[in-house]
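Single-letter residue listing:
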Amino acid sequence: MTQALIRSFFDPATSTVTHVIADMSTRRAAIIDPVLDYDPKAARTSTASADALIDWVRAQGLTIDWLLETHAHADHLTAAPYLQQQLGGRIAIGAHIREVQQVFKRLFNAGDLATDGTPFEHLFADGERFSIGTLEVEVLHTPGHTPGCVSYLLRSEAGLDVFIGDTLFMPDYGSARCDFPGGDAATLYRSIHQLLALPPETRLHLCHDYPGSERAPQWISTVAEQRRDNVHVHDGVTEGEFIAMRTTRDRTLAKPVLLLPAIQVNVRAGHWPPAEDNGVRYLKIPLNAV
């Protein structure tokens, strides 16, 4: 079985973790959940985080085959199109992104927004397998946070690694919220238990960490650690208990700062809305609608 290199990059502005998976025998690679820097006060983007990632990929001599999204994020803008321009690769996501596009096409009254999964270049079905060089990856549909969430299960000589998006966080922080359109706590509970049914030594690679001042950011835990220590969904927590906790907690959470800017870009696979007749592109803010 092939040796895999996994390198992760933490973005402190959005608490997001971008992962790179590389097959060291072929130098083929994939990037998961890349971040485009965005200043919401000035509505300006920049590419410092993406450029640091590009520099590392080039220094390693990697060829990017895939730019993978675990879901349409609400807390950062994806850098996938910029990375594609610089490094190549196909932009891909789970097939249920279509449901998410339908919801936000209505919310933003976005006539240009497709609901067939485009402009993503590949839509993964649940259980679909694909390759990164000689590495085998299986796609797991893990909805609940959004209808379109997927996890990427990598098999290598080191064992099992799963890139789980926002499904779970570190055990001391718990689980993802379910109050975005199409989210559902019961569905998330079942998705979590799909992951926690994997062997106990399976490594779970997270998309976010919110450590506060108590510890440094972390983004890897194991199935065994989550089953023992997760504050929301450790062994013994029933589905009903989880739903009650998650529903109550979600009512207290503020919306992410970048929710409205990010989601209308991310459902377009990171592409901007079309320019208006003055040549300027605009992001919409629907009033009293969220």
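Reading the values: the criteria
- Residues numbered from 1 in each chain as written.
- Predicted model: local features only at pLDDT ≥ 70, side-chain atom pairs only at ≥ 80, totals over all residues.
- Heavy atoms only, no water.
- Helix = DSSP H or I, 4+ residues; strand = E, 2+ residues; numbered from the N terminus.
- Rg over C-alpha atoms; globule rule 2.2 N^0.38 Å.
- Buried < 20%, exposed > 50% of the residue type's maximum accessible area, 1.4 Å probe, protein only.
- Contact = heavy atoms within 4.5 Å.
- Areas by Shrake-Rupley, 256 points an atom, 1.4 Å probe, with all protein chains shown as cover.
- Lys, Arg positive; Asp, Glu negative; His and termini not counted.
- Charge placed at Lys NZ, Arg CZ, Asp CG, Glu CD.
- Pairing = 2+ DSSP bridges.
- Axes fitted to C-alpha atoms, helices over the stretch in contact; angles between N-to-C directions.
- Core = buried A, V, L, I, M, F, W, Y, C linked by side-chain atoms within 4.5 Å.
- Phe/Tyr/Trp six-rings, centres within 6.5 Å; stacked < 30°, edge-to-face > 60°.
- Polar contact = N/O pair within 3.5 Å; in protein donor to acceptor, adjacent residues only side chain to side chain.
- Salt bridge = Lys/Arg side-chain N within 4 Å of Asp/Glu carboxyl O.

Participant: Would you explain the overall build of the protein chain in this entry?
Facilitator: Helix and strand counts for the protein chain come out as seven helices and 15 strands. Over its C-alpha atoms the protein chain spans a radius of gyration of 18 Å, differing by no more than 12% from the 19 Å that the globule rule assigns to 290 residues. Considering only C-alpha atoms, the protein chain reaches an extent of 55 × 50 × 40 Å along its principal axes. Across the 290 residues that make up the protein chain, the buried fraction comes to 51%. Taking the intrachain contacts of the protein chain between residues at least 6 apart in sequence as the baseline, contacts between residues at least 24 apart amount to 64%. Here the protein chain displays about 12500 Å² of accessible surface, and carbon together with sulfur accounts for 51% of that area. In the protein chain, 25 positive and 35 negative side-chain charges are present, and the distance between their average locations comes to 3 Å.

Participant: Any chance you could explain the pairing of strand 3 (residues 28-32) here in plain terms?
Facilitator: In summary, the side chains of a regular strand alternate between the two faces of the sheet. Among the five residues in strand 3, four count as buried, and that is most of the element. As paired elements, strand 2 (residues 16-23) and strand 3 share five bridges and run antiparallel to each other. Looking across to strand 3, one finds that aspartate 23 is bridged to arginine 28. Connecting the antiparallel pair strand 2 and strand 3 is a turn made up of four residues, with arginine 27 showing a positive phi of about 65°. When strand 3 meets strand 6 (residues 63-68), the two strands line up parallel, connected through five bridges. Among the inter-strand pairings, isoleucine 31 is bridged to a residue of strand 6, identified as leucine 67.

Participant: Would you mind showing me how to read the sheet that holds strand 8 (residues 90-94) here?
Facilitator: Strand pairing within a sheet occurs via backbone hydrogen bonds; the two strands may be parallel or antiparallel. One open sheet accounts for six strands, arranged 1-2-3-6-8-9; its pairing is mixed. Each edge of the sheet is formed by a strand with only one pairing partner; in this case those strands are strand 1 (4-11) and strand 9 (122-124). Averaged over all adjacent pairs, the angle separating strand axes in this sheet is 25°, with direction ignored. Examined bridge by bridge, strand 1 and strand 2 share eight bridges and lie antiparallel to one another. From the neighbouring strand, aspartate 11 faces strand 2, where its bridge partner is threonine 16. The strands that helix 1 (residues 48-59) touches are strand 1, strand 2, strand 3 and strand 6; relative to strand 1, the one it contacts most, it runs at about 160°.

Participant: Would you explain the nonpolar core in this entry?
Facilitator: For soluble globular proteins, the rule of thumb is that nonpolar side chains tend to be buried together. Ranked by size, the top nonpolar core spans 39 residues in total, and within it Val20, Ile31, Val57 and Leu83 carry the most contacts. Top contributing element to this core by residue count: helix 1, with five residues. Sequence-distant contacts of valine 20, defined by excluding residues within four places in its chain, comprise Leu5, Ile6, Arg7, Phe9, Ala29, Ala30, Ile31, Leu53, Trp56 and Leu62. If you look at the next biggest cluster of nonpolar residues, it comprises 22 residues, including Leu168, Ala185, Leu198 and Leu204.

Participant: Would you explain the sheet that holds strand 14 (residues 203-205) in this entry?
Facilitator: Taken in spatial order, the six strands line up as 10-11-12-13-14-15 in an open sheet, and their pairing is mixed. In this open sheet, the two edge strands, each paired with only one partner strand, are strand 10 (129-132) and strand 15 (220-222). In this sheet, neighbouring strand axes are inclined to one another by 30° on average, regardless of whether the strands run parallel or antiparallel. Where strand 10 lies against strand 11 (residues 135-141), four bridges are found, and the strand directions are antiparallel. Each residue of the ladder has a partner; that of isoleucine 132, found in strand 11, is leucine 135.

Participant: Could you clarify how one ought to interpret the packing of aromatic side chains in this entry?
Facilitator: The description of an aromatic ring pair rests on the distance of the ring centres and on the angle between the ring planes. Evaluated as defined, the whole model comprises twelve aromatic pairs. Consider the rings of tryptophan 66 and phenylalanine 124, whose centres lie 5.5 Å apart with planes at 45°: the pair is tilted. Placement of tryptophan 66 in strand 6 and of phenylalanine 124 in strand 9 is noted, with a sequence separation of 58 residues between them. Pair check on accessibility: tryptophan 66 and phenylalanine 124 agree, each one buried. Seen in terms of ring centroids, tyrosine 173 and tyrosine 210 are 5.1 Å apart; in terms of plane orientation they differ by 35°. Their pairing is tilted. Within this pair, whereas tyrosine 173 is found in the loop between strand 13 (159-163) and helix 4 (185-196), its partner tyrosine 210 is found in the loop between strand 14 and strand 15, the two being separated by 37 residues in sequence.

Participant: Honestly, the side chain of aspartate 209 in this entry has me stumped. Any pointers?
Facilitator: Relative to the helices and strands, aspartate 209 resides in the loop between strand 14 and strand 15. Reaching out from aspartate 209, the side chain makes a polar contact with the side chain of arginine 215 at a distance of 2.6 Å. Those residues in contact with aspartate 209 that lie beyond four places of it in its chain are Phe10, Ser15, Met170, Arg215, Ala216, Pro217 and Gln218.

Participant: How do you make sense of the pattern of salt bridges when you look at a structure like this?
Facilitator: Should their charged atoms come close, side chains of opposite charge can pair. Under the defined criterion, the tally for this structure stands at 15 salt bridges. Of the charged contacts, one joins arginine 203 and aspartate 161 as a salt bridge, the two residues approaching to 2.7 Å between their closest N and O atoms. Remark: aspartate 161 occurs in strand 13 and arginine 203 occurs in strand 14; sequence separation between them is 42 residues. For aspartate 161, a relative accessible area of 3% gives the class buried. Arginine 228 serves as the salt-bridge partner of aspartate 229, at 2.9 Å between the closest nitrogen and oxygen. Given the relative accessible area of 56%, arginine 228 is considered exposed. Through salt bridges with shared partners, a single network forms among Arg129, Glu136, Glu138 and Arg155.

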